[in-house]
Amino acid sequence: MKANYSLSHSLIAIDTEATLDLILNFNAEEQVQTSNRRSLNLSLVIDRSGSMGGKPLRYAIKAAQKLVESLNPDDIVSVVIYDDTPETILPPQTAADKAKISTQINRIRAGGCTNLSGGWLMGCECVKSQQTEERLNRVLLLTDGQANMGITNPQALTKTAKQQAEQGIITTTLGFGTNFNEDLLIDIADAAGGNFYFIQSPDDAVDVYRIELESLTSVVAENLTVTIRPEASVQISEVLNKYQSTTQGKASEILLGDVYQIEAKQLALQLLIPPQKNPGLLTIATIEYQYQTNIDDNIQQISGQVPITITVGSAEEASRTEADMSILEQTSQLRIARLKNEAIAMADRGQYKEAAEVLRSQVDELKSKLLNEIFEVAEEIAQLEYYAQRIENRKLDSASRKEMRDQSYQSLNRSRDDLKLRGSTAGNADSLEAVSTTESGVLVKCFREGGKLRVRVISEGYNSEFNVQFPRGIRQEGVTYVVDEIKLSANGSFYRVSGKIRRLVEPGKEKAATTEKAKSQKLAAAKATGGWEDLETVDTVVDGVLIQCIKEKSKLRARVVSDGYNPDFNIRFPRNIRAEGILYVVDEVRQSADGKSYISYGKIRRLLQ
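Only a predicted model underlies this, so the values are computations on that prediction, with no experimental measurement involved. (Residues numbered from 1 in each chain as written. Predicted model: local features only at pLDDT ≥ 70, side-chain atom pairs only at ≥ 80, totals over all residues. Heavy atoms only, no water.)

**Considerations on the overall build of the protein chain**
Across its full length, the protein chain carries 12 helices and 28 strands. Principal-axis analysis of the C-alpha atoms gives the protein chain an extent of 90 × 65 × 50 Å. For the protein chain, the share of sequence-separated contacts (at least 6 apart) that also reach a separation of at least 24 residues comes to 72%. Of the roughly 27,300 Å² of accessible surface on the protein chain, a fraction of 45% belongs to carbon and sulfur atoms. One way to put it: in the protein chain the 73 positive side-chain charges average out to a point 7 Å from where the 82 negative ones average out. (Helix = DSSP H or I, 4+ residues; strand = E, 2+ residues; numbered from the N terminus. Contact = heavy atoms within 4.5 Å. Areas by Shrake-Rupley, 256 points an atom, 1.4 Å probe, with all protein chains shown as cover. Lys, Arg positive; Asp, Glu negative; His and termini not counted. Charge placed at Lys NZ, Arg CZ, Asp CG, Glu CD.)

**Some thoughts on helix α4 (residues 154–166)**
Across its 13 residues, α4 extends 19 Å between first and last C-alpha, which sits within 8% of the 18 Å expected from 1.5 Å per residue. Looking at α4, one finds that the buried residues are L157, T160, A161 and Q164. Along α4, the residues classed as buried sweep out an arc of 105° about the axis, all on the same side. More than 90 degrees from the buried face of α4, the exposed residues found are Q155, K159 and E166. Taken together, the buried residues of α4 touch α3 (116–129) and α5 (182–192). By the N-cap criterion, in which a side-chain oxygen at the helix start approaches the backbone nitrogen of a residue two or three places on, α4 is capped by N153, the distance to Q155 being 3.0 Å. (Expected span 1.5 Å × (residues − 1). Buried < 20%, exposed > 50% of the residue type's maximum accessible area, 1.4 Å probe, protein only. Arc of directions from axis to C-beta. Polar contact = N/O pair within 3.5 Å; in protein donor to acceptor, adjacent residues only side chain to side chain.)

**Let's talk about the side chain of S252**
For S252, the position within the fold is in strand β13 (residues 251–260). Not counting residues within four places of it along the chain, the set of residues in contact with S252 comprises V226, T227, I228, I236, T246 and T247.

**What about unusual backbone geometry?**
Backbone geometry places D15, a non-glycine residue, at a positive phi of 60°. For D15, the location among the structural elements is in the loop between β2 (11–13) and β3 (18–27).

**Here's the deal with the sheet that holds strand β11 (residues 235–239)**
Spatially, 4 strands are ordered β1-β3-β14-β11 in an open sheet, and the strand pairing comes out antiparallel. Looking at strand neighbours, the two that pair on one side only are β1 (2–7) and β11, the edges of this open sheet. Sheet twist, expressed as the mean angle between neighbouring strand axes with direction ignored, is 30°. Against the sheet, helix α8 (residues 325–348) makes contact with β1, β3, β11 and β14 (265–273), and its axis sits at roughly 95° relative to β3, the strand it touches most. (Pairing = 2+ DSSP bridges. Axes fitted to C-alpha atoms, helices over the stretch in contact; angles between N-to-C directions.)

**So, the sheet that holds β2**
Spatially, 6 strands are ordered β2-β16-β15-β10-β13-β12 in an open sheet, and the strand pairing comes out mixed. Two strands lie at the open edges of the sheet, namely β2 and β12 (244–248), each paired on one side alone. The sheet shows a mean angle of 25° between the axes of neighbouring strands, direction not considered.

**Focus: the nonpolar core**
Counting residues in hydrophobic clusters, the biggest one holds 47 residues, and the most contacted among them are L44 and I46. Among the elements that take part in this core, helix α1 (residues 55–69) stands out by supplying 7 residues, more than any other. Setting aside its immediate chain neighbours within four residues, L44 contacts A64, L67, V68, S78, V79, V80, L140 and Y209. (Core = buried A, V, L, I, M, F, W, Y, C linked by side-chain atoms within 4.5 Å.)

**A closer look at the packing of aromatic side chains**
To describe a pair of aromatic rings, one takes the distance between the centres and the angle between the planes. For the structure shown, the criterion picks out 13 aromatic pairs. Relative to Y481, the ring of F470 lies with its centre 4.7 Å away and its plane at 55°, an arrangement referred to as tilted. Taken together, the residues span a long stretch of sequence, with F470 in the loop between β20 (468–469) and β21 (480–488) and Y481 in strand β21 at a distance of 11 residues. Neither residue differs from the other here; F470 and Y481 are each classed as buried. An aromatic cluster of at least three residues, connected via ring pairs, comprises F180, F196, F198 and Y409. A cation over an aromatic ring shows up here: K402 above the ring of F180, its NZ or CZ 4.8 Å from the ring centre. (Phe/Tyr/Trp six-rings, centres within 6.5 Å; stacked < 30°, edge-to-face > 60°. Lys NZ or Arg CZ within 6 Å of the ring centre and 35° of its normal.)

**Some remarks on the side chain of N137**
Mapped onto the secondary structure, N137 falls in strand β7 (residues 136–143). Classification of N137 as buried rests on a relative accessible area of 5%. Here the side chain of N137 touches T132 through a polar contact of 3.1 Å, landing on its backbone oxygen. Engagement of the side chain of N137 in a polar contact is seen with the backbone oxygen of R135, the distance being 3.2 Å. With residues up to four places along the chain from it excluded, the contact list for N137 reads N41, V127, Q130, Q131, T132, G168, I169 and I170.

**Some points on a negative patch on the surface**
A contiguous patch of negative charge on the surface is contributed by E133, E134, D296 and D297. Within the element layout of this structure, E133 appears in the loop between α3 and β7. (Patch = residues over 30% accessible without salt bridge, like charges linked within 9 Å, V, L, I, M, F, W, Y side chains within 5 Å. Salt bridge = Lys/Arg side-chain N within 4 Å of Asp/Glu carboxyl O.)

**Some thoughts on the state of the cysteines**
Scanning all chains against the criterion turns up 0 disulfides. Left unpaired, C113 is separated from the closest cysteine sulfur, that of C549, by 13 Å. (Disulfide = S-S within 2.5 Å.)

**Quick notes on the pattern of salt bridges**
Evaluation of the coordinates by the stated rule reveals 45 salt bridges. The salt bridge involving R138 is made with E222; its shortest N-O contact spans 3.8 Å. Remark: E222 occurs in strand β10 (residues 219–230) and R138 occurs in strand β7; sequence separation between them is 84 residues. Note that R210 and D207 form a salt bridge whose closest N and O atoms lie 2.4 Å from each other. Taken as a pair, R210 and D207 lie in helix α6 (residues 205–216) at a separation of 3 residues, close to a single helical turn. A single network of salt bridges, built from pairs that share partners, joins E182, D183, D348, R401, K402 and R405.

Function cannot be inferred from these measures alone, as they are strictly geometric.
And the structure:
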């Protein structure tokens, strides 16, 4: 493995205190051949609770099947499913008979509540039964809801993740939809030494599984540990990434974890250097690192050392030395990631105005450094402005919060471009003036690509491959906009919109598009005629509430299995359509007057599996 570093400044002025950003990069030396990669011992743990019913579960099944197709025949795979109770539907075995494994996965059907701990620990046991040093021993834990059965205490689950990691079982967590606890899944991934992913939509599942498998099949080093030893007069003022670390005197030991062939493992620091009396080359720190790697089927410990040096020169030389903009860009994105977490914590405490100000102040700083001329930073600015407005208006919903946490996590832990700034739950274009003619404007259109909302010019005479810097709050997938003008960025790599933005609609629909408002519907208590077979069917829950029928002794009991409801409460629900194992979708569920049961309201539909 190669280790190298870059500094934000290559020269500092004599007799002047200096603050520098340092980025360490650890890269694989050789391309890992798929046939020669380390064997996997992998357990797929899949939430099959009622809220996964329909499209989410179908896409999760498809993603799991795609992953199995990509395994080597000698990889070990097991599959655990869980709702109220966990079940191993595929005991640990080689991936040689992929058709058989795929068929077994295809039989998964949605059930009841979310016993996350039970399913996860069963997956850990499957991996443990086949565990060897030569294999990569991993659990992929997917959930779309809150842990409401088994062990539910977040601290206990995080502690368990750390204990499993100490035994060599690493867990990656995948949060599906908008009802899971992102803070818990991130804490589990951090404690377990794995990764975290936010699966924003059902069709995003296959892509996220692919990214994780690409990572697992390209591991070139494990347990990378870096020790930073600054010289006597130098201080580490900030560690920008979020890795586990310990401090001994002035030295800091940081655990970076796995290193992948396909992406660099980065560590970013800020160093404070006191005034220096002598010009010339100055050693400011020494980096020591160690890791384990597989050499000729043997796990070996490798170590290395890198001295960090900088040139001390005159004030005039320093004034002529420009900062490395690429380093400032990378460290700015890391600082933004930390500020997003800070803003979320403030918003959680009800400090909405202060949280919005934290994000907006960063926007001003980025613009003052002219970093907004880099598309990735300009896009980050659009994100910050969007989230600041939502927080200030107290509209930071579950999806937006998860996007912010995911963006922060990926920036602080990964360096893949396809994981940065993912988010497709933006605002909408309804507030814009609607027009049916392009007049003298330029047409741009919003697309969803790899979990991101992108805007590109569709009028002739422009580069259709260039991204367009566009307000995040009015991005809506599939919408075409008319803008007054398109301007090329200073570096010629992307476009910016200028002037008024309108929404393009079909002729005759201008007024309806701008004035139509959703009307609230007064719901009646849910009723149904006939039997369950006569109900209208749907394949997704959307904004409805999920109800399941289970057998309790000689009775059929209905219970709510959507997140946020107590599954032990009885619910007023038509008896003539109750059938064991069937999942129903109703428009709304409300608590009874005594607060001890529920009442279902609106239309009842049957969820297809």
